[in-house]
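What follows is the residue order along each chain.
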Amino acid sequence: MKTSGNDAAARFQHVQDAMPVHERVARACAMFAWARGLVGREIVARCGPLPAERLKWETAMRLYGSEPASRKLIQRMLEHVSG
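Owing to the predicted nature of the structure, the values given are computational and were not obtained by experimental measurement. (Residues numbered from 1 in each chain as written. Predicted model: local features only at pLDDT ≥ 70, side-chain atom pairs only at ≥ 80, totals over all residues. Heavy atoms only, no water.)

A. A look at the packing of helix α2 (residues 21-47) against helix α3 (residues 52-64). Across the interface, α2 lies against α3 with an axial gap of 9 Å and an inter-helix angle of 110°. As judged from the angle between their axes, α2 and α3 are roughly perpendicular. Two packed elements cross with a definite hand, and for α2 against α3 that hand is right-handed. Along its contact with α2, which presents F32, R36, V39, G40, E42, I43, V44 and R46, the element α3 presents L55, E58, T59, R62, L63 and Y64. Looking at the contact of α2 with α3 residue by residue, the classes come out as 7 nonpolar, 2 polar and 5 charged. (Axes fitted to C-alpha atoms, helices over the stretch in contact; angles between N-to-C directions. Helix = DSSP H or I, 4+ residues; strand = E, 2+ residues; numbered from the N terminus. Parallel < 35°, antiparallel > 145°, perpendicular 65-115°, else oblique. Left-handed = near helix turned anticlockwise from the far one by under 90°. Contact = heavy atoms within 4.5 Å. Nonpolar A, V, L, I, M, F, W, Y, C, P; charged D, E, K, R; others polar.)

B. Fine view of the nonpolar core. Among the nonpolar cores identified, the biggest contains 6 residues, and these are W57, A60, M61, I74, L78 and V81. A total of 3 residues in this core trace back to one element, the largest contributor, which is α3. W57 has contacts with I74, M77, L78 and V81, leaving out every residue within four places of it along the chain. (Core = buried A, V, L, I, M, F, W, Y, C linked by side-chain atoms within 4.5 Å. Buried < 20%, exposed > 50% of the residue type's maximum accessible area, 1.4 Å probe, protein only.)

C. Spotlight on α2. Over its 27 residues, α2 extends 39 Å from the first C-alpha to the last, a length consistent with the 39 Å expected when each residue adds 1.5 Å. For α2, every residue scored as buried is listed here: V39, G40 and I43. On its buried side, α2 packs onto α3. G48 sits one or two residues past α2 and shows a positive phi near 90°. (Expected span 1.5 Å × (residues − 1).)

D. Region of interest: the side chain of T59. The residue T59 is located in helix α3 in this model. Contact partners of T59, with chain neighbours within four places excluded, come to R36, V39, G40 and I43.

E. Focus on the pattern of salt bridges. For the coordinates displayed, the defined rule picks out 3 salt bridges. Note that K56 is salt-bridged to E53, the shortest N-O span being 3.4 Å. One end of the pair is K56 and the other is E53, both in helix α3 and 3 residues apart, which spans about a single turn. Look at K56 and you get partly exposed, because its relative accessible area is 43%. A salt bridge links E58 to R54, with the nearest nitrogen and oxygen atoms 3.0 Å apart. Of this pair, E58 and R54 both sit in helix α3, 4 residues apart, roughly one helical turn. Classification of E58 as partly exposed rests on a relative accessible area of 23%. (Salt bridge = Lys/Arg side-chain N within 4 Å of Asp/Glu carboxyl O.)

On their own, these measurements won't tell you what the molecule is for.
Listed below in structure tokens is the structure:
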């Protein structure tokens, strides 16, 4: 039997609401680390190996560079790292 998207969303919300706060925070942190790692791997696949500091700021640019103030700050940091 197939469930609708609304049923799945309601079940997801129920499970989320039942989780203690520390588990929700840990889950969010793990998902963020996974996403950041995925972006980092995509950058390395495109550009080749980079020093860790350079990769950190290139990843930040990809994640937050659409916001002008963030882009300016990240660009400043990129100007001071090797790679």
